[in-house]
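Chain by chain, the residues run as shown.
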Amino acid sequence: MAERSSTGLLTMMLEPTPAVAMTLPAEVREKLAELELELSEGDITQKGYEKKRGKLLAPYIPQIQGVDPSLQIDNRIQASSQVALQGSKSNKSRAANTRDERFRSDLHTEAVQAALAKYKERKMPMPSKRRSVLVQSSVEACTPPDTSSASEDEGSLRRQGRLTTSTPYQGHSHPAVEHWFNRVIQGSSTSSSASSTSSHPGGRSVTTTNTTAHAALNVNAAATALADLMAHTQLDNHSAPPDVTGLSERSSHHAERPHVASVRGVSRGFNHHTSVMETADGCEWRGEGSLTLIDGVPVNSRVSNKIQQLLNTLKRPKRPPLREFFVDDFEELLDVQQPDPNQPKPEGQQMCPLEGEPLGVVTNWPPSLPAALQRWGTTQPKSPCLTALDNAGKPVYTLTYGKLWTRSQKLAYTLLNKLSSRNEPLLVPGDRVALVFPNNDPVMFMVAFYGCLLAELVPVPIEVPLTRKDAGSQQIGFLLGSCGVTLALTTDACQKGLPKAQTGEVATFKGWPRLLWFVTDGKHVVKPPKDWHPPIREASNDIAYIEYKTSKEGSTMGITVSHSAMLAHCHALTQACGYTEGETITNVLDFKREAGLWHGVLTSVMNRMHVISIPYSLMKVNPLSWIMKVHTYKARVAVVKSRDMHWSLLAQRDQRDISLSSLRMLIVADGANPWSISSCDAFLNVFQSRGLRPEVICPCASSSEAMTVAIRRPPEMGVPPPGKAVLSMGGLSHGVIRVDTEEKLSVLTVQDVGQVMPGALVCVVRAEGIPYLCQTDEVGEICVSSGSTGVAYYGLPGMTKNIFETVPVTPSGIPISDRPFTRTSLLGFVGPDSLVFVVGKMDGLMVVSGRRHNADDVVATALAVEPMKFVYRGRIAVFSVSVLHDERIVVVAEQRPDASEEDSFQWMSRVLQAIDSIHQVGVYCLALVPANTLPKAPLGGIHISETKQRFLEGALHPCNVLMCPHTCVTNLPKPRQKQPEVGPASMIVGNLVAGKRIAQACGRDLGQLEDNDQARKFLYIQDVLQWRAQATPDHPLFLVLNAKGTVSSSASCLQLHKRAERVAAALMGRLNTGDHVALVYPPGIDLIATFYGCLYAGCVPVTVRPPHPQNLATTLPTVKMIVEVSKSVCILTTQAITKLLKSKEAAAAVDIKSWPTVLDTDDLPRKKSPQMYKPPTPEMLAYLDFSVSTTGILAGVKMSHAATSALCRSIKLQCELYPSRQIAICLDPYCGLGFALWCLCSVYSGHQSILVPPLELESNASLWLAAVSQYKVRVTFCSYSVMEMCTKGLGSQTEALRLRNVNLSCVRTCMVVAEERPRIALTQSFSKIFKDLGLSPRAVSTTFGCRVNVAICLQPNRLGKLAEQGTAGPDPTTVYVDMRALRHDRVRLVERGSPHSLPLMESGKILPGVKVIIANTETKGPLGDSHLGEIWVSSPHNATGYYTVYGEEALHADHFNTKLSFGDTQTVWARTGYLGFLRRTELTDASGERHDALYVVGSLDETLELRGMRYHPIDIETSVIRSHKSIAECAVFTWTNLLVVVVELEGSEQEALDLVALVTNVVLEEHYLIVGVVVVVDPGVIPINSRGEKQRMHLRDGFLADQLDPIYVAYNM
């Protein structure tokens, strides 16, 4: 792979060309390096950096005249490929100043650039964000983050800025390049999910003119293509996806292969201004975003442009074509990805376990580590053990072996004998003790560690907790608690720095046990008496120390290491590294755990070595410090991480005089990281001239569980030369090793980590399931069996068995050895010469659709995209979350404060494309968070599991989010194909065979109900009022309460009659019989009196809700519309409203000159009308009932006199209403059942109605319930909004209400009047809250009515005489149905709590005289009772039709006079427009009949047809509201096949972007739907009507017209 020799510096095109780089003088190169360091540390701004850099380079850049800048940018990529090819031809050696970064072999950057070239023209819609969200909230966000603390793997290097010149690409001179380029472009078109989406821009400009010509013809084509585009069907693999932008060139684009043209750099401005695009609504979209109308509604908004752009970027998810097989509707299985038959499979033989060389026998080897310390402390007390440095790099203190021995003894004696609680010693041998020492105090740590060993206590080293909320600190506390730690050792300085409680003691950290803190500084320890000696025993299997480790999920485990394993590991390291007595070693690692502890604290004492400990804080200030110390102390060995090598590259300023020739071993502790190779290569490149020998670099592989697994031996041991492997990423993702020969883009270069440790047996086993041995060309988990591994996870026997006692078996199931193996969590293989190669870690493994990806590899790809311009290096986290039964990749990075929205967004879209091309995997979510906000691991680096936790809890607070569910989620169930409908006969036979009933039911028969109903004698309701005024003149009919709970007005039969007469007298002179009159009154007696007045005068009343004085702009137009649509010739109202209708404010909202006559009825003269009007027939119109449906349609229905009387009679019979009864009504009196109960029923049945206007509850929430209690009401009616006001407003006040003697035990029935599915959660919480006030849990029930019939179901309990004998109607029943079946219009009952179950409550008992049937919405045939269909109703009180302006007869006939297409074809039905089903329950009613329950599922107009299935918005909304505590309300609707979710955010705006991922996840998991757009708005934006129902269509219109002022709009890709 010759390409690799082209340098990292050259791959980013906008950098000096190779020739330039070679010729830059050394001092210029050094100055550039200094600049770079300053920039990466945040000492200068990007702008300052670019300016200074430009100056430095100006003299050396060949000027190119007259090159179009856009060409230069577009040529960036070709030039880089050119460089690559030149490099491969001449194979030049690397320039001395080449610097690769860890996480990026040059090749990788190059690959990323080439991959991105394919996407040049792809545009994605930017999310829109309210300005306030852009302002970063945290103070620290404005300061550049301290790069130093950045990461484990941090390189703060930033790529050089752009040079504005680059050679234009001449195609003809480089046929090779062109060939290579074509290959790149066509390379992964099938496998990559986004790659093929470039919208053939090359062909674009040519055909623009005729596109316009075709535009009008193509509207339908565009719409169908769009619908196509969203349906997940598989395209033939090689064609580009359908492109909504240019349908007219569909036919030509295969021939042209226009991709290449676009990349060759046609300047972008060339065709921009003429681009015309057709959208689904049949509009053209001209470049700048104004939509011109072709056919439909003009839309001028950034929203629709964005959605259009989004549709253009969406394409069909790739999925293998499904085998044809029959799937029953219920088996809505997720699409299981069929393995690709062509995927690579392992072909090698079964591997043989690999043995390390035997452990040599050393003569006077100490029997244990404390024995070694005793030996050196007594025989060589002056010999140096450890040198500590300060932040300036000066040696502060050198601990000698004599000092270490005496100080450890003192501490051991003090711990065992001087600490006591209640006269018992606090510690006994074997107890665990926490060691809390800062990273810059190795001396105190070493004394404490050996002090514990001498006292036979078990040290548990942990990090210093800095704040109470450190990432992962809670888990550390859990570890301390489970280890039973009661004492923590620390230094004086550290103890002072810990957070304190008010008492001055160290605060208790969250999740930590109570600890005593003991300071180990000299003054607190005592000298042991002469006769006390610590027990020095031979190494046993007792626990020596516990090392902590954080798992992938974030839990912290303690790994126990026994004395014998500790000794054996020291022995093995000594042998493998050839350590000799008295050697000097430089340690840059954390001395508390892993390699830093093994080499710098344990093995060093075994061999009396001298350790120079370099603290992390010094490395941050001076990354070269470790190299200087190697030089100064002539150290033979240095232990580093690749990060330390990387940092030193950035900083090698004027250090001409350093020499690394003393090093015989440079141990790279994270050599197992696939990306360490580039750091090693680059480091060697630079420092070879300073005496560093290539063979000195020794990568090693280790894990907390198995300790050191393999290490490259120093050259003097005569080992085979080191190896490198260039592996295909595609192969690796299938777990197979394939050496890549074709110089493809996606390869991984890894180096070996040397040979197995002495005395160890190593094998590679399958990572998942039974540990079968792998084949030789298969990647698996490396397992080790030796005496020098950890022993167990402390206190976790189950996990210990899995990890520390694995028994690898051959394919036939035979164990390969009787020794147990320890899993290392390293993924790798054994290469030639028995060298071990590691390609990843189990912790970073992400299995997506059966393919494995390594988090580190994905990080590398992300960082190779214009690295460091927008995000901080090393501040990037990649992990996977499980959504819809598969892992999904999430990338989170910290954004630089100076990056603009557009830049970040572009960077994000390029990262998606790069990952897609190189790894062939889609990224589910990419989030950018403000600088310094990701949780940090102790020594820099990101705390991955904590980040993942915050992401899933919605606590990450990103400032930019890009979700791509459309491209990643490929395992959705197949869209439902509608079957051709079966004929009527087969339907009936099918139902009979299946034993299903036809779903129909009816209330009691009116004819058989004998009752002493006097009102039945009268055909007209107004006659009933006259009769009551004569028969019982003083009987009180109505009481109206005000907010204080006192009666504001009342009316007896006679009073009401008299007031109605006055109104009639006023109307008779002025109006003709049959005229329509609008009644605009607040709820009260006036409304009722004028209603009857109109009937007396022969006019048709229309009740209208009065405009809201504070909100005229929205409420007045509705009033005007009803008045106009109902053709009212006169408005009756009060004086106050008359003034309001004609006020200045009203004039701003409507044209007040066009109101019809307005009559103020406040002071009408006491005049008797000459004679009452008698309608000639009961079929005449009595009144009009207008209401706005939830879909925003204003519909008025006609109620005849006959229907009005039938309605009253039906309600009277169902609720057993008679004059001695009182009922309380808290409803709006303007339409539907609310109007009937308020204005009609009392007059018909003679009972007394206590009227509570719902508006009054806003000022006194307890008004309605207090009235119910005061009047001891048995039956009461309310609406859901009233119920909600009570639960929200009074939930916490039940105690106060009880003290006011509010008692609800009198209530037998509380009915909620609704035109929707019963809201179970609300009725249940209402019952629960007011149970304390005596409300019976059986009292609350619901009713159902709609436009065609305002009362279909009412659920009263039996009252009066028979109350004691049980109830007339059974309690409303609740069933649980399978939500997945419901989407297919099937009803399948399941048990409560089963997955996907949806609770539904019956809507009440069907009223007398009402018949209900369930019909198929399309065929209009009857359905069986296991089907969901439209509820049809037949009843004497059906409305007679719609009353609309244009009298759309078709609509009218269809809704009110429908007949079944087969079965009973005679009955005339009305269609309710609601979907539901009937269930015969086991319960019987009073008459002994089985009770048929009607379940309303939702309005047909509101349902969403998605993926061939029927969804009810409320179900999706319920899931969404559950997904995060800050979501107050939610509404969903569809637009051009996209599901739009609008959520109201009830928290700080920071949380807005957290919701995007949570909403997308929950809808995918529970409904198998991909959310297209997530809109986050303020509370109260979702419009709600007077019945408390969401008006989703209004919301949709507001969204499309861009009127919502959203906090954030996210367009999911």
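Above this note sits the structure.
Bear in mind that the values here come from a model prediction, so they are computed numbers and not experimental data.

Rules used throughout
Residues numbered from 1 in each chain as written. Predicted model: local features only at pLDDT ≥ 70, side-chain atom pairs only at ≥ 80, totals over all residues. Heavy atoms only, no water. Helix = DSSP H or I, 4+ residues; strand = E, 2+ residues; numbered from the N terminus. Buried < 20%, exposed > 50% of the residue type's maximum accessible area, 1.4 Å probe, protein only. Contact = heavy atoms within 4.5 Å. Patch = residues over 30% accessible without salt bridge, like charges linked within 9 Å, V, L, I, M, F, W, Y side chains within 5 Å. Areas by Shrake-Rupley, 256 points an atom, 1.4 Å probe, with all protein chains shown as cover. Salt bridge = Lys/Arg side-chain N within 4 Å of Asp/Glu carboxyl O. Lys, Arg positive; Asp, Glu negative; His and termini not counted. Charge placed at Lys NZ, Arg CZ, Asp CG, Glu CD. Pairing = 2+ DSSP bridges. Axes fitted to C-alpha atoms, helices over the stretch in contact; angles between N-to-C directions. 1 Å grid on protein atoms, 1.4 Å probe; cavity = no way out; pocket = protein on both sides within 12 Å on 5 of 7 lines; lining within 4 Å. Points joined across faces, edges and corners; volume = space filled by probe spheres on them. Nonpolar A, V, L, I, M, F, W, Y, C, P; charged D, E, K, R; others polar. Parallel < 35°, antiparallel > 145°, perpendicular 65-115°, else oblique. Left-handed = near helix turned anticlockwise from the far one by under 90°. Phe/Tyr/Trp six-rings, centres within 6.5 Å; stacked < 30°, edge-to-face > 60°. Lys NZ or Arg CZ within 6 Å of the ring centre and 35° of its normal. Disulfide = S-S within 2.5 Å.

Now for the overall build of the protein. For the protein, the helix and strand inventory stands at 48 helices and 64 strands. Within the protein, buried positions represent 61% of all 1613 residues. Considering only intrachain contacts with a sequence separation of at least 6, the fraction spanning at least 24 residues in the protein is 77%.

The next point concerns a positive patch on the surface. A grouping of Lys 47, Lys 51, Lys 52 and Lys 55 is seen on the molecular surface, where their side chains present a positively charged patch. Of note, Lys 51 is situated in helix α4 (residues 46–57).

Spatially, β38-β37-β46-β45-β47-β48-β49 is the arrangement adopted by the 7 strands of the open sheet, whose pairing is mixed. Across the chains shown, the open sheet's two edge strands, defined by having one partner strand only, are β38 (1047–1052) and β49 (1340–1342). Going across the sheet, the axis of each strand differs from the next one's by a mean of 20°, ignoring polarity. Sheet analysis places strand β45 (residues 1222–1226) next to strand β47 (residues 1275–1278), joined by 4 bridges and oriented parallel. In the sheet register, Ala 1224 faces β47, and the bridge partner there is Thr 1276. Across the sheet, helix α39 (residues 1232–1245) is in contact with β37 (1036–1041), β45, β46 (1248–1251) and β47; its angle to β37 comes to roughly 155°.

Right, let's get into empty space enclosed by the protein. Where empty space is left becomes clear once a probe the size of a water molecule has been rolled over the atoms. Estimated volume of the largest cavity: approximately 190 Å³. Sort the elements by how many residues they give to the lining of the largest cavity and strand β31 (residues 851–854) lands first, with 4 residues. Here the residues of the lining of the largest cavity are counted per class, giving 7 nonpolar, 6 polar and 3 charged.

This brings us to the packing of helix α33 (residues 1053–1070) against helix α34 (residues 1085–1097). Geometrically, a packed helix pair is captured by the angle between its two axes and the distance between the axes. Where α33 contacts α34, the two axes come as close as 7 Å, and the packing angle between them is 55°. When the axis of α33 is compared with that of α34, the two are oblique. α33 and α34 meet at a crossing whose hand is right-handed. Listed contacts from α34 to Leu 1056, His 1057, Arg 1059, Ala 1060, Glu 1061, Val 1063, Ala 1064, Leu 1067 and Met 1068 of α33 are Ile 1085, Asp 1086, Ile 1088, Ala 1089, Thr 1090, Tyr 1092, Gly 1093, Cys 1094, Tyr 1096 and Ala 1097.

Our focus in this paragraph is the packing of helix α14 (residues 369–379) against helix α20 (residues 594–606). Running from amino to carboxyl end, α14 crosses α20 at an angle of 65°, the nearest separation of the two axes being 8 Å. In terms of crossing hand, the pair formed by α14 and α20 is left-handed. Contacts between α14 and α20 involve Leu 369, Ala 372, Leu 373 and Trp 376 from the first element and Leu 602, Val 605 and Met 606 from the second. Among the residues making up the contact of α14 with α20, the classes are represented as 7 nonpolar, no polar and no charged.

The strand order across the open sheet formed by 4 strands is β11-β10-β12-β13, and the pairing between neighbours is parallel. The sheet is open, and its two edges are formed by β11 (458–462) and β13 (516–519), each paired on a single side. Within this sheet the neighbouring strands show an average axis-to-axis angle of 30°, counted without direction. Relative to β11, strand β10 (residues 432–436) runs parallel, the two being bridged by 5 bridges. Among the inter-strand pairings, Leu 435 is bridged to a residue of β11, identified as Pro 461.

Going through the model one piece at a time under the given rule, you end up with 43 salt bridges. Among the salt bridges present, the one from Lys 936 reaches Glu 894, with a minimum N-O distance of 3.7 Å. Placement of Lys 936 in the loop between β34 (923–929) and α29 (944–953) and of Glu 894 in strand β33 (residues 886–895) is noted, with a sequence separation of 42 residues between them. With a relative accessible area of 24%, Lys 936 lands in the partly exposed category. A salt bridge links Arg 1105 to Asp 1228, with the shortest nitrogen-to-oxygen separation between them at 3.2 Å. One end of the pair, Arg 1105, is in the loop between β40 (1100–1104) and α35 (1112–1125); the other, Asp 1228, is in the loop between β45 and α39, and 123 residues separate them in sequence. Classification of Arg 1105 by relative accessible area gives partly exposed; the value is 34%. By relative accessible area, which is 22% here, Asp 1228 ends up partly exposed. By sharing partners, the salt bridges in this structure join Glu 1502, Glu 1517, Glu 1529, Lys 1590 and Arg 1592 into a single network.

Scanning the entire structure with this criterion turns up 24 aromatic pairs. Look at Phe 1477 and Tyr 1495: their rings are 5.0 Å apart centre to centre, the planes differ by 15°, and that puts the pair in the stacked class. Of this pair, Phe 1477 sits in strand β57 (residues 1470–1484) while Tyr 1495 sits in strand β58 (residues 1490–1499); the two residues are 18 residues apart in sequence, bridging distant segments of the chain. Take Phe 1477: its relative accessible area is 0%, and that puts it in the buried class. Looking at Tyr 1495, the relative accessible area reads 0%, which means it is buried. Clustering of aromatic rings is evident, with ring pairs tying together Phe 437, Phe 445, Phe 449, Tyr 450, Tyr 545 and Phe 591. Arg 593 extends its terminal NZ or CZ atom over the ring of Tyr 548, reaching a point 4.6 Å from the ring centre.

Before going further, it helps to examine unusual backbone geometry. In this model, Ser 849 sits at a positive phi of 50°, which is unusual for a non-glycine residue. With respect to the secondary-structure elements, Ser 849 resides in the loop between β30 (845–848) and β31. Look at Ser 849 and you get partly exposed, because its relative accessible area is 28%. Its identity as a non-glycine residue notwithstanding, Tyr 1568 has a phi of 55°, on the positive side. Following the sequence through the fold, Tyr 1568 ends up in the loop between α47 (1552–1567) and β63 (1571–1577). Residue class for Tyr 1568 comes out buried when judged on its relative accessible area of 4%.

Its location among the elements puts Pro 1318 in the loop between β48 (1309–1312) and α43 (1320–1330). The class for Pro 1318 is buried, based on a relative accessible area of 5%. In this structure, the C-alpha to C-alpha distance between Pro 1318 and Val 1497, residues 179 residues apart in sequence, is 8.4 Å.

Our next topic: the pairing of β47. By the alternation rule, side chains of β47 split into Val 1275 and Phe 1277 and Thr 1276 and Cys 1278, which are all buried. Bridging between β47 and β48 involves 4 bridges; their strand directions are parallel. Each bridged residue has a counterpart across the sheet, and for Val 1275 the counterpart in β48 is Thr 1309.

Here we take up the environment of Pro 771. Here Pro 771 lies in the loop between β25 (761–765) and β26 (780–785). Sequence spacing of Pro 771 and Pro 815 is 44 residues, and the spatial spacing of their C-alpha atoms is 9.7 Å. Apart from residues lying up to four places away in sequence, Pro 771 is in contact with Val 765, Arg 766, Thr 806, Val 807, Pro 808, Val 809 and Arg 823.

Across all of its chains, the model carries 0 disulfides by this definition. In this model Cys 763 remains outside any disulfide bridge; the closest cysteine sulfur is found in Cys 783, 5.0 Å from its own. The class for Cys 763 is buried, based on a relative accessible area of 0%. Between Cys 1099, a free cysteine, and Cys 1094, which holds the nearest cysteine sulfur, the sulfur-to-sulfur gap is 5.7 Å.

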